[in-house]
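Residue-level structure breakdown
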Amino acid sequence: MPAGIPTLAAEAPALSSANTGFMLICSALVMLMTPGLAFFYGGMVRVKSTLNMLMMSFVSLGIVTVLWVLYGFGLAFGTDTGGVIGWSADYAGLSGIGLTELWDGYTVPVYVFAVFQLMFAVITPALISGALADRVKFSAWALFIALWATVVYFPVAHWVWGPGGWLFEMGVIDFAGGTAVHINAGAAALGVILVIGKRIGFKKDPMRPHSLPLVMLGAALLWFGWFGFNAGSWLGNDDGVGAVMFVNTQVATASAMLAWLGYEKIRHGACTTLGAASGAVAGLVAITPAGGAVSPLGAIAVGAISGVLCAVAVGWKYKFGYDDSLDVIGVHLVGGIAGSLLVGFFATGGVQSDAKGLFYGGGLDQLGKQAIGVAAVLAYSLAVSAVLALILDKTMGMRVDEETEIAGIDQREHAETAYDFSGAGGGTGTRSAAPAPGDALVTADRTRKVDA
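Residues numbered from 1 in each chain as written. Predicted model: local features only at pLDDT ≥ 70, side-chain atom pairs only at ≥ 80, totals over all residues. Heavy atoms only, no water.

Quick notes on unusual backbone geometry
The phi angle at L94 is positive, at roughly 50 degrees, despite the residue not being glycine. With respect to the helices and strands, the residue L94 is situated in the loop between β2 (85-87) and α3 (110-128). A relative accessible area of 15% means that L94 is categorised as buried. (Helix = DSSP H or I, 4+ residues; strand = E, 2+ residues; numbered from the N terminus. Buried < 20%, exposed > 50% of the residue type's maximum accessible area, 1.4 Å probe, protein only.)

So this is what it looks like as structure tokens:
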């Protein structure tokens with residue numbers, strides 16, 4: 001360096017076209033996850049509820065997008081107030097953001113960060129819908145999404161990821177949404193179903209998935225989109241952390257799928273397609289908070305542990321009597337808790353941060369932080385979601401009437417049906433025989449016996 005020329009302590013980040021392009025692709029991948037979720041859930045319900053299940057996910061794309069632009073981004077990622085909420089006037093309507101203004105400390109524009117986080121905000125309430133299949137008014141659901149996103153998701157996103165958020169500042173590790181997305185949605189699902197009650201015929205009538213191929217398609221789209229969900233959360237590719245997250249996403253998902261199938265084979269004597277799809281999603285959920293902190297070997301452990309735990313957890317609804325229609329609690333709540341806590345055991349200290357878990361000499365410190373994050377998000381989301389559902393139920397009513405639920409929610413709520421068989425020839429019009437008592441059924445609630 002020639003004499004007399006001052007040196008800068010550090011150069012300010014410059015806009016990276018490579019990272020910006022990568023993040024736009026990741027945003028599109030995360031957007032694809034919501035239609036993927038719609039297919040995943042839509043295949044798991046009975047024919048008469050297919051369209052309603054699809055619409056409960058798709059409508060979130062509309063509602064949350066508008067709210068995010070108006071005020072959601074500001075509440076989640078604006079200037080911190082007390083560690084619990086944010087706000088920046090420039091983010092209201094996304095009107096005060098420069099075209100090349102960078103997200104603080106990164107090489108991507110604020111607009112790109114905002115649209116990436118928008119896709120997280122969209123899919124999180126859509127996840128809740130799987131617990132409420134067959135029985136919720138579409139208008140009530142749409143209003144619930146708007147209220148829940150405002151008073152639950154936006155604040156929790158600030159806690160976990162926002163500048164100054166109290167969990168973020170505490171050092172809770174949540175790479176891509178174990179607390180803010182999956183525990184948040186799973187706890188909300190539990191809160192709502194405790195208010196609205198069970199489906200008619202729960203634990204008595206067979207409730208088979210009407211299209212397992214649709215379930216597998218949805219799971220495949222989720223798996224594909226999840227690479228953007230996870231690897232994109234590092235906001236770039238400059239140091240290799242995103243690449244490790246990409247690898248860990250694949251590894252944990254594969255491990256969880258195999259673990260779930262192994263459990264099914266031992267417990268029920270068969271490896272089902274529904275189990276393969278659900279196991280894959282369980283692995284995706286669990287690695288979401290942990291994948292930036294663990295090694296690929298750790299990802300195998302995270303996937304295997306979560307696969308078995310979630311496979312066991314889907315049966316809890318029969319033991320405890322809550323009607324989680326499509327296992328949102330069993331997969332997303334339990335998987336999110338498992339992945340978040342396992343950071344405290346398997347964090348190597350050599351990927352996203354120097355925080356180490358118990359098995360790598362870090363003691364119980366990180367595990368304690370993770371437990372606080374899990375407990376805080378679970379308690380807040382459960383309580384507030386139950387209150388919102390109770391208010392809506394007492395005012396406009398959350399549930400459809402009994403006749404609509406029995407006949408099928410699609411025709412009454414959407415004036416459509418998923419499949420039109422009126423032009424199909426060759427049928428006799430006779431009904432198939434009902435299953436005999438005691439016959440084994442593979443239902444959306446896994447394998448069980450019909451009550452005699």
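Here's the deal with the packing of aromatic side chains
Under the criterion given, the structure shown has 26 aromatic pairs. Among the aromatic residues, those joined into a ring-pair cluster are W68, Y71, F73, F77, Y91, W103, F113, W148, Y153 and F154. (Phe/Tyr/Trp six-rings, centres within 6.5 Å; stacked < 30°, edge-to-face > 60°.)

A word on the packing of helix α7 (residues 212-231) against helix α9 (residues 273-290)
Contact pair α7 / α9: the axes reach a minimum separation of 9 Å and the direction vectors enclose 15 degrees. Put simply, α7 runs roughly parallel to α9. Between α7 and α9 lies a crossing whose hand is left-handed. On α9, the residues touching L212, V215, M216, A219, L222, W223, W226, F229 and N230 of α7 are T273, L274, A277, A280, V281, L284, V285, I287 and T288. Its residues assigned to classes, the contact of α7 with α9 comprises 15 nonpolar, three polar and no charged. (Axes fitted to C-alpha atoms, helices over the stretch in contact; angles between N-to-C directions. Parallel < 35°, antiparallel > 145°, perpendicular 65-115°, else oblique. Left-handed = near helix turned anticlockwise from the far one by under 90°. Contact = heavy atoms within 4.5 Å. Nonpolar A, V, L, I, M, F, W, Y, C, P; charged D, E, K, R; others polar.)

Side note on the nonpolar core
Of all hydrophobic cores here, the largest spans 111 residues; its most connected members are F73 and L132. Of all the elements, helix α4 (residues 138-161) adds the most residues to this core, at 17 residues. Sequence-distant contacts of L132, defined by excluding residues within four places in its chain, comprise M56, W141, V192, I193, I196 and S325. Core analysis: the next-biggest nonpolar cluster, separate from the first, contains 15 residues, V294, L342, V343 and F346 among them. (Core = buried A, V, L, I, M, F, W, Y, C linked by side-chain atoms within 4.5 Å.)

Observations concerning the pattern of salt bridges
Under the definition given, this model contains seven salt bridges. Between D401 and R412 there is a salt bridge whose closest N-O contact spans 3.5 Å. Of this pair, D401 sits in the loop between α13 (365-395) and α14 (402-407) while R412 sits in helix α15 (residues 409-414), and the two are 11 residues apart along the sequence. Owing to a relative accessible area of 40%, D401 belongs among the partly exposed residues under this scheme. Through salt bridges with shared partners, a single ionic network connects R46, D134, R199 and D323. (Salt bridge = Lys/Arg side-chain N within 4 Å of Asp/Glu carboxyl O.)

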